[in-house]
Amino acid sequence: MMTIQKLIDKGLKVKKYPKDSIIYEPGMHPRYVYFIKSGEVRMVTVSDEGKEFIQGVFKTGQYFGEPALLIGRPYLAFTISNIDSQLIAVNQEDFFNLIKHEPDFSMELIQTLSRRLFYKSMMLEELANEKADHRLLTIINYLLNDIATGENLKVTRQELADMTGLRVETVIRGVKMLAERGLIKTVKGKIIKQGK
């Protein structure tokens, strides 16, 4: 996997983005893929009423912005730093060189794009399902895949609402109901990954 240190060693600069900074917005022409040295970034679309719908959350060691750069199409969403973050902007030429000359990175890029495509397909199917509890359980189970047994899910009820298109109140009731039915486990309000 492409390490952040390798990019720094190649002379690429680290730029700081304070919490709530917009990195790019819809309609902008893509110039970079952003690698996260530290911090967290959310990708969101915003409805006409100003409601955010989270497309994804990217954390330290991950990257974002590559689909638009790869096909030369404008960005479709906002990316905003959730916390103070340090990013490395890799231009198109350098990014294509990584793909050509780093086979491990190329394979990892294919897996990353496939995971994102799977997530989008899953969410499209879920958004078509009217039942809020089903929608909520699907996204929780998907997010639990990325953490170890016994760990708690580090997403807020607001983030779950933004990911599912539900209201926060509906998510709070839904999480409680799913826990009561034994479909998820909560400890002190945190959703915990159970063993098989």
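Just above, that's the structure.
Residues numbered from 1 in each chain as written. Predicted model: local features only at pLDDT ≥ 70, side-chain atom pairs only at ≥ 80, totals over all residues. Heavy atoms only, no water.

### Things to note about the sheet that holds strand 8 (residues 85–91)
As a general point, the strands of a sheet are linked pairwise by backbone hydrogen bonds and lie either parallel or antiparallel.
Argument step 1. With respect to topology, four strands assemble into an open sheet ordered 1-8-3-6, the strand pairing being antiparallel. Both outer strands of the open sheet, strand 1 (14–17) and strand 6 (63–64), are each paired with one neighbouring strand and no more.
Argument step 2. Alignment of strand 1 against strand 8, held across four bridges, turns out to be antiparallel. Looking across to strand 8, one finds that valine 14 is bridged to isoleucine 88. (Pairing = 2+ DSSP bridges. Helix = DSSP H or I, 4+ residues; strand = E, 2+ residues; numbered from the N terminus.)

### Some words on the pattern of salt bridges
Argument step 1. Enumeration according to the criterion identifies five salt bridges in this entry.
Argument step 2. Of the charged contacts in the structure, one is a salt bridge between glutamate 40 and lysine 59, with a shortest N-O distance of 3.0 Å. Separated by 19 residues along the polypeptide, glutamate 40 in strand 4 (residues 40–46) and lysine 59 in strand 5 (residues 52–59) bring together distant segments of the chain.
Argument step 3. Exposure remark for glutamate 40: the relative accessible area of 16% places this residue in the buried category.
Argument step 4. The exposure class of lysine 59 is partly exposed, given its relative accessible area of 36%.
Argument step 5. When the shortest N-O distance is used, the salt bridge between arginine 181 and aspartate 133 registers 3.2 Å. Here aspartate 133 lies in helix 5 (residues 132–144) and arginine 181 lies in the loop between helix 7 (168–180) and strand 9 (185–187), a separation of 48 residues in the sequence.
Argument step 6. Here aspartate 133 falls in the partly exposed class, since its relative accessible area comes to 24%. (Salt bridge = Lys/Arg side-chain N within 4 Å of Asp/Glu carboxyl O. Buried < 20%, exposed > 50% of the residue type's maximum accessible area, 1.4 Å probe, protein only.)

### Thoughts on the packing of aromatic side chains
Argument step 1. As enumerated under the stated definition, the model contains 11 aromatic pairs in all.
Argument step 2. Both rings, one in tyrosine 32 and one in tyrosine 34, keep their centres 6.0 Å apart while their planes meet at 65°; by these two values the pair is edge-to-face.
Argument step 3. Plain terms: the ring middles of phenylalanine 35 and phenylalanine 105 are 6.2 Å apart, the flat faces sit at 40° to each other, and that makes the pair tilted. Of the two residues, phenylalanine 35 is situated in strand 3 (residues 32–38) and phenylalanine 105 in helix 4 (residues 103–128); the sequence distance between them amounts to 70 residues. (Phe/Tyr/Trp six-rings, centres within 6.5 Å; stacked < 30°, edge-to-face > 60°.)

### Description of unusual backbone geometry
Argument step 1. Despite not being glycine, aspartate 20 has its phi angle at roughly 70°, a positive value.
Argument step 2. As for its position among the elements, aspartate 20 is in the loop between strand 1 and strand 2 (22–24).
Argument step 3. Despite not being glycine, lysine 188 has its phi angle at roughly 50°, a positive value.
Argument step 4. Structurally, the position occupied by lysine 188 is in the loop between strand 9 and strand 10 (190–192).

### Details of the side chain of aspartate 162
Argument step 1. By the element assignment, aspartate 162 lies in helix 6 (residues 157–164).
Argument step 2. In this structure, aspartate 162 is in contact with Lys51, Glu52, Phe53 and Ile54, ignoring residues within four places of it in sequence. (Contact = heavy atoms within 4.5 Å.)

### As for the sheet that holds strand 7 (residues 78–81)
Argument step 1. Reading across from one edge, 2-7-4-5 is the order of the four strands in this open sheet, with antiparallel pairing throughout. The open sheet has two edge strands with one neighbour each: strand 2 and strand 5. Between one strand axis and the next, the sheet turns by 30° as a mean value, whatever way the strands run. (Axes fitted to C-alpha atoms, helices over the stretch in contact; angles between N-to-C directions.)

### Quick look at the pairing of strand 3
Argument step 1. Here strand 3 pairs with strand 8 via six bridges, running antiparallel. Its bridge partner being in strand 8, tyrosine 34 is matched across the sheet by alanine 89.

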